[in-house]
Amino acid sequence: METLDDIARDLAVRLGTMDHPGLVPAIDGRLAQLPAEAVAAVRPPGDAGAVIISGLQVDDARLGPTPGSWREAAGTGLEFELILLLLARAAGEPFGWRGQQDGRLVNSIVPSRGQEASQTGASSATTLAPHTEDAFHPRRANLLLLGCLRNPVRVGTTIASVRRTRLDHDQQQLLAEPALPILPDTSYGTHHDQEAAPGVPTLWTGPDGTTLRYDPAYTPLDRATPAHRAAYARLSGELDRVSVTAALGAGELLMIDNDVAVHGRVPFRARYDGTDRWLKRINVRLRDRPRRPAEATEDGYGEELVEPFRHG
Ligand SMILES: [Fe+2]
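Parameters at a glance
- Residues numbered from 1 in each chain as written.
- Predicted model: local features only at pLDDT ≥ 70, side-chain atom pairs only at ≥ 80, totals over all residues.
- Heavy atoms only, no water.
- UniProt positions renumbered as here; feature names shortened; annotations may be inferred.
- Helix = DSSP H or I, 4+ residues; strand = E, 2+ residues; numbered from the N terminus.
- Buried < 20%, exposed > 50% of the residue type's maximum accessible area, 1.4 Å probe, protein only.
- Contact = heavy atoms within 4.5 Å.
- Donors = N, O, S within 2.8 Å, 3.2 Å for Na, K, Ca; no water.
- Axes fitted to C-alpha atoms, helices over the stretch in contact; angles between N-to-C directions.
- Left-handed = near helix turned anticlockwise from the far one by under 90°.
- Nonpolar A, V, L, I, M, F, W, Y, C, P; charged D, E, K, R; others polar.
- Core = buried A, V, L, I, M, F, W, Y, C linked by side-chain atoms within 4.5 Å.
- Salt bridge = Lys/Arg side-chain N within 4 Å of Asp/Glu carboxyl O.
- Pairing = 2+ DSSP bridges.
- 1 Å grid on protein atoms, 1.4 Å probe; cavity = no way out; pocket = protein on both sides within 12 Å on 5 of 7 lines; lining within 4 Å.
- Points joined across faces, edges and corners; volume = space filled by probe spheres on them.

Attention shifts here to the UniProt feature "binding site: Fe cation" (unreviewed entry) in the chain. Mapped onto the present numbering, the UniProt feature "binding site: Fe cation" (unreviewed entry) falls at His131, Glu133 and His263. These annotated residues cover 133 residues of sequence, and their C-alpha atoms lie no more than 7.9 Å from one another, placing them together at a single site. Checked against the element boundaries, Glu133 lands in the loop between strand 4 (128-131) and strand 5 (143-150). Exposure remark for Glu133: the relative accessible area of 7% places this residue in the buried category. Residue contacts for Glu133: discarding those within four places in its chain leaves Arg140, Leu144, Asn258, His263, Arg281 and Asn283. Inspection of the secondary structure puts His263 in strand 11 (residues 261-265).

Attention now goes to the coordination of the iron ion. Angles between donor atoms at a metal ideally measure 109.5 degrees for a four-coordinate tetrahedral arrangement and either 90 or 180 degrees for a six-coordinate octahedral one. Of the protein atoms, only His131 (NE2), Glu133 (OE) and His263 (NE2) coordinate the iron ion, at distances of 2.0 to 2.2 Å. In the primary structure, the donors to the iron ion are separated according to the pattern H-x1-E-x129-H. Within this pair, whereas Glu133 is found in the loop between strand 4 and strand 5, its partner His263 is found in strand 11, the two being separated by 130 residues in sequence. Per residue, the accessibility class of Glu133 equals that of His263, and both read buried.

Further remarks concern the packing of helix 2 (residues 23-30) against helix 6 (residues 78-91). Where helix 2 meets helix 6, the closest approach of the two axes is 10 Å, and the angle between their N-to-C directions is 65°. Every pair of crossing elements has a handedness; the one defined by helix 2 and helix 6 is right-handed. Contact residues: Leu23, Ile27, Asp28 and Arg30 in helix 2; Leu82, Leu85, Leu86 and Arg89 in helix 6. Of the residues assigned to the contact of helix 2 with helix 6, the class counts are five nonpolar, no polar and three charged.

On to the nonpolar core. With 41 residues, the main nonpolar core has Leu82, Leu87 and Leu145 as its most contacted residues. Every element with two or more residues in this core is listed here: helix 1 (4-15), helix 2, helix 6, strand 5, strand 10 (253-257) and strand 12 (278-285). A per-element tally of this core places helix 6 first, with 10 residues.

We now examine the pattern of salt bridges. In the structure shown here, the tally under the stated rule is 27 salt bridges. Its salt-bridge partner being Asp10, residue Arg14 comes within 4.0 Å of it at the nearest N-O pair. You can see Arg14 and its partner Asp10 sitting in helix 1, four residues apart, about one turn around the helix. Where Asp47 meets Arg163, a salt bridge forms, and the shortest distance between an N and an O atom there is 3.0 Å. Placement of the pair is Asp47 in the loop between helix 3 (36-41) and strand 1 (50-53) and Arg163 in the loop between strand 6 (157-161) and helix 7 (169-175), with a sequence separation of 116 residues. Among the residues examined, Asp47 registers a relative accessible area of 39% and is labelled partly exposed. A network of salt bridges, in which partner residues are shared, links Arg140, Arg213, Arg292, Glu295 and Glu298.

Glancing now at the pairing of strand 11. For strand 11, a buried count of five out of five residues is recorded, marking the element as mostly surrounded by other parts of the structure. Neither face of strand 11 is open: one carries Ala261, His263 and Arg265, the other Val262 and Gly264, and all of them are buried. Looking at chain direction, strand 4 and strand 11 are connected through two bridges and run antiparallel. Looking at the pairing, Leu128 lines up with Arg265 of strand 11. Bridging between strand 6 and strand 11 involves five bridges; their strand directions are antiparallel. Across the sheet, residue Ser161 finds its bridge partner in strand 11, namely Ala261.

Take the environment of Gly302 next. Among the secondary structure elements, Gly302 is positioned in the loop between strand 12 and strand 13 (305-306). Measuring from C-alpha to C-alpha, the distance between Gly302 and His137 comes to 9.2 Å, with 165 residues separating the pair along the chain.

The subject of this paragraph is empty space enclosed by the protein. Under the criterion given, the structure shown has one cavity of 30 Å³ or more. Around the largest cavity, the lining residues are Leu180, Pro181, Ile182, Val200, Thr202, Arg213, Tyr214, Asp215, Thr219 and Tyr232. By residue class, the composition of the lining of the largest cavity is six nonpolar, two polar and two charged.

A word on unusual backbone geometry. For Gln101, which is not glycine, the phi dihedral falls at a positive 50°. Relative to the assigned elements, Gln101 resides in the loop between strand 2 (93-97) and strand 3 (107-109). With a phi angle near 50°, Asp134 is a residue other than glycine that sits in the positive phi range. Structurally, Asp134 is set in the loop between strand 4 and strand 5. For Asp134, a relative accessible area of 4% gives the class buried.

Shown next as structure tokens:
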């Protein structure tokens, strides 16, 4: 019986790069051979909104120093990227964004010089505020996989499930109104027309519970009524109250339900000496989880998905 690591190692030898044109059929061709426990591990995590999967293979000596930017990191850690992609494919349909990290399916998260204070994964010195990944887009991920290659000083990733929060009925009603837009984050560029942006609800009741779409750093709260602002502030306070911190170690994978939980990161001091925290990220869509029909009319600010695993 082959392990997940065996399968990833074999694929790495055969493909040599994530850019190989045979990547998608090669991944799909091995899905039926994945160990049952690996497939079971990537089921949506329920109301907790997140789960940690441990024991993925990371060969620190072969990795080399942590790169200084996603661009330098692209193409590194091939076996680990294949492990993530296999798990993501077992969960659903992995996808990338054409306008982010050159459309790669597996993205790299490393601190970058000059980005220390930004609200993106390249930041470090600032708190990365809790957010829904790609909240601005109607086709954002349902599941987000964050795999850890290296995190020697145990920088914490924060997770907060909306299903652990307590809001009163009036606040929930206000936050269900499509009152405010969510603008694209700066990792997609800064060319967006803020005035034409459609309002979207912050939370609503989905088929299996409360569903959240939240990114205060990119939500123009100054446009809201005082009552709406107060409800939003209450939600933020509740998310802080229920927030938990995961200090991922090498070989650990955090799987977040992006409809249920928000995530962020505590501040840290990037050293840029090759030992900094290094994560790989992959987005997954779940075919059996429809979103609100109203989202189908949003254009997502023109940001396009790269979705080679989507069939029909
Ligand atoms: Fe994020």
